[in-house]
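# Architecture at a glance
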Amino acid sequence: MVEAPDPPADEAHERPEGGAGEIRALPRTMTVRGMAAMSPSPGPVPPSRSAAGVATGQDHHPLLRHRNGNGGMRRNPRCSLPAAATGAARWEIEHNARVRRRLGLVGLGGALAVAASFTTPFTTGAEIATALAIGVFLAAELAAARCGPRAPREAPPPWRAGAAWGALAGTVLAFELWNYFAGPRSAHPTLSYFVSAAAGQPWSRGLLFAAWLALGGWLVSR
Amino acid sequence: MSDRLATIVVWIALALIAVGLEAVALATRRLAGFGAALSRLARPPAGRLVVALGWMWLGWHVFAR
């Protein structure tokens, strides 16, 4: 019997008990304040959005620091859901919005990758495709910064745990520069030489473009 | 050994080191994997700016110029 794998950290939102129907069951005449008052519990709140998350610095983005009347912290009101949406209903709304957003970005990225596969460097078409991708990346970064982290973040590894990667990156950079200035590209190939060779075919160029977009999407999600 | 061959051998060695680091990170958890290290770098605003600019430069360099 195959066991289901653990959900990835990025999908660490736990679905609260109860269904979205708990909101629909309320009288239509109920006001938002009344609904909030009768709600027994707001349900589990991800640490990044809770007061504890703020206290621990997880909800640290400057755009999120809107103080309410009690001196506490809350999220940017432009990103807030209706006050009535609590618990399972809130989870449902956010989950659906997240799925729609991801599907839209994946579709847009796929279209851009296909378009980029038919271009060649140093042409206007290549510049437009790359600039569009960078524009989408910047828009997604701004939106993410405005609305704050969507998932609780794992505890960061200590700096020394990544020291080996830093040393390797420094070595690669030094070797790249040495090759760049050493002489003819054919005798001292740089990373760009290999990448250009790999992106020589439309399909490989499209795949590389998609991989680059996927890396950008991953960066935005962090 | 020609310059070209020596250069390619060094590039392959560096790639193997990267694969080895990732394997050690997965096996022992004493090292950060590449993704975790990149996330750590992108955590402070200045680091995030550097990583974002690096991503943009990479795409422009490879696909546009």
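Structure shown above.
Note that the coordinates shown come from a computational prediction; the quantities given were computed from them, not determined experimentally.

A word on the overall build of chain B. Helix and strand counts for chain B stand at 3 helices and 0 strands. Reading the helices (α) and strands (β) of chain B from amino to carboxyl end gives α-α-α.

It is worth spelling out the interface of chain B and chain A at this point. Listed by partner, the interface residues are 37 residues for chain B and 47 residues for chain A. Summing the contributions of chain B and of chain A, the shared interface buries around 3,900 Å²; its carbon and sulfur component is 71%. When the area that chain B buries against chain A is broken down by residue, the three leading residues are Trp11(B), Trp55(B) and Phe63(B), summing to 24%. Residue Arg48(B) pairs with Glu141(A) through a salt bridge whose shortest N-O separation is 2.8 Å. Linking chain B to chain A there are 11 residue pairs in polar contact (both at pLDDT 80 or more). Elements with a minimum of two residues in the side of chain B that touches chain A: helix 1 (3–28), helix 2 (34–41) and helix 3 (45–64) of chain B. With 12 residues, the single largest contributor to the side of chain B that touches chain A is helix 3 of chain B.

Enumeration over the complete set of coordinates arrives at 10 aromatic pairs over all chains. Ring geometry for Phe175(A) against Trp178(A): centres 6.2 Å apart, planes inclined by 15 degrees, an arrangement best described as stacked. Taken as a pair, Phe175(A) and Trp178(A) lie in helix 6 (residues 163–182) at a separation of 3 residues, close to a single helical turn. In this structure Phe175(A) comes out as buried when scored by relative accessible area, which is 15%. Taking relative accessible area as the criterion, Trp178(A) reaches 48% and is therefore assigned partly exposed. Their ring planes at 65 degrees and their centres at 4.8 Å tell us that Phe175(A) and Trp11(B) sit as a pair that is edge-to-face. Here the residue Phe175(A) occupies a position in helix 6, and Trp11(B) occupies one in helix 1, the pair thus bridging two chains.

A word on the nonpolar core. Here is a general trend for soluble globular proteins: nonpolar side chains tend to be buried in one another's company. Counting 21 residues, the largest nonpolar core has Phe137(A), Phe209(A), Trp212(A) and Trp55(B) as its most contacted members. Of all the secondary structure elements, the ones that give two or more residues to this core are helix 4 (87–117), helix 5 (124–147) and helix 8 (202–221) of chain A together with helix 3 of chain B. A per-element tally of this core places helix 3 of chain B first, with 6 residues. Core analysis: the second largest hydrophobic core is formed by 9 residues, Trp165(A), Phe175(A), Leu21(B) and Ala37(B) among them.

Considering the arrangement of structural elements, one finds Glu141(A) in helix 5. Accessibility expressed as a relative area gives 15% for Glu141(A), which makes it buried. Ignoring anything within four residues of it in the chain, the contact list for Glu141(A) reads Leu219(A), Val220(A) and Arg48(B).

Let us now look at unusual backbone geometry. Residues and elements named next belong to chain A. Backbone geometry at Phe 122 places phi at a positive 65 degrees, although glycine is not the residue there. Structurally, Phe 122 is set in the loop between helix 4 and helix 5. What makes Phe 122 exposed here is its relative accessible area of 59%.

Rules and cut-offs
- Residues numbered from 1 in each chain as written.
- Chains lettered and ligands numbered in written order.
- Predicted model: local features only at pLDDT ≥ 70, side-chain atom pairs only at ≥ 80, totals over all residues.
- Heavy atoms only, no water.
- Helix = DSSP H or I, 4+ residues; strand = E, 2+ residues; numbered from the N terminus.
- Contact = heavy atoms within 4.5 Å.
- Buried area = accessible area lost by both parts, 1.4 Å probe.
- Salt bridge = Lys/Arg side-chain N within 4 Å of Asp/Glu carboxyl O.
- Polar contact = N/O pair within 3.5 Å; in protein donor to acceptor, adjacent residues only side chain to side chain.
- Phe/Tyr/Trp six-rings, centres within 6.5 Å; stacked < 30°, edge-to-face > 60°.
- Buried < 20%, exposed > 50% of the residue type's maximum accessible area, 1.4 Å probe, protein only.
- Core = buried A, V, L, I, M, F, W, Y, C linked by side-chain atoms within 4.5 Å.

Just distances and angles here, no functional claims.
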